[in-house]
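In case you want the letters, here they are:
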Amino acid sequence: MEFSCKSNGTILIVEICGDIDHHFCEALRKTIDQKLEESGCKHLLFILSEVSFMDSSGIGILIGRYKLVKQLGGRIAVFGAGARIQEIFRLSALHQLFPMFTDEDAAIAYLNGGASI
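Residues numbered from 1 in each chain as written. Predicted model: local features only at pLDDT ≥ 70, side-chain atom pairs only at ≥ 80, totals over all residues. Heavy atoms only, no water.

A. Spatial organisation of the nonpolar core. Counting residues in hydrophobic clusters, the biggest one holds 28 residues, and the most contacted among them are F46, L48, M54, F89 and F98. For this core, the secondary structure elements donating two or more residues are β2 (11-17), α1 (25-39), β3 (43-50), α2 (56-71), β4 (76-79) and α3 (83-91). Element by element, the count of residues in this core is highest for α2, at five residues. Among residues more than four places away in sequence, those in contact with L48 are I16, I20, V78, F79, G80, A81, I85 and F89. (Core = buried A, V, L, I, M, F, W, Y, C linked by side-chain atoms within 4.5 Å. Buried < 20%, exposed > 50% of the residue type's maximum accessible area, 1.4 Å probe, protein only. Helix = DSSP H or I, 4+ residues; strand = E, 2+ residues; numbered from the N terminus. Contact = heavy atoms within 4.5 Å.)

Okay, structure coming up:
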């Protein structure tokens, strides 16, 4: 798994490529938490278009970041999740916490205060 982080105003954009599993979750968690603190961002956008698998550790990382962003008074969203990841979100009820978008601009507009889909 590889990932990158960049900020866009108050949004931290995290693009993940590869499987989200227990091998890389700690590095992902530390990096996201550090970048949120350093950047002053309060919203979080996960780009998952290059992710095909996520285990329970990955679900845990996402839920933890959801709680952190809520404490910051922010919003969280997902862009580009494929059918397999969407199914994992549905089965784990993550879709109830994370609005999912097929358009990055719509996700960014939502995070900046717009309505969800």
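Structure shown, so let's carry the discussion forward.
B. Representation of the sheet that holds β4. Spatially, five strands are ordered β1-β2-β3-β4-β5 in an open sheet, and the strand pairing comes out mixed. Of all the strands in the sheet, just β1 (2-8) and β5 (100-101) have a single pairing partner and so form its edges. Inspection of the sheet shows β2 paired to β3 by six bridges, in the parallel sense. Bridge assignment links L12 to a residue of β3, and that residue is L44. This element, α1, spans β1, β2 and β3 of the sheet and lies at about 160° to β2. Lying over the sheet, α2 contacts β3 and β4, oriented at roughly 155° with respect to β3. (Pairing = 2+ DSSP bridges. Axes fitted to C-alpha atoms, helices over the stretch in contact; angles between N-to-C directions.)

C. Region of the structure containing the environment of I32. If you trace the backbone, I32 turns up in helix α1. Judged by its relative accessible area of 0%, I32 falls in the buried class. Here the alpha-carbon distance between I32 and R65, two residues 33 residues apart in the chain, equals 8.1 Å. Residue contacts for I32: discarding those within four places in its chain leaves L12, V14, L44, F46 and R65.

D. Expanded view of the pairing of β1. As paired elements, β1 and β2 share seven bridges and run antiparallel to each other. What sits directly across from F3, in β2, is I16. Counting the residues that bridge the hairpin from β1 to β2 gives two residues, and of these G9 lies at a positive phi of roughly 65°.

E. Expanded view of helix α4 (residues 104-111). Taken together, the buried positions of α4 are occupied by A107, I108, Y110 and L111. The buried residues of α4 occupy one face: seen down the axis, they fall within an arc of 160°. Packed against the buried residues of α4 are β1, β2, β3, β4 and β5. G113 sits one or two positions beyond α4 and adopts a positive phi of about 110°. (Arc of directions from axis to C-beta.)

F. Quick peek at unusual backbone geometry. Unlike most non-glycine residues, A93 shows phi in positive territory, near 65°. Counting through the fold element by element, A93 comes out in the loop between α3 and β5. Residue class for A93 comes out partly exposed when judged on its relative accessible area of 31%.

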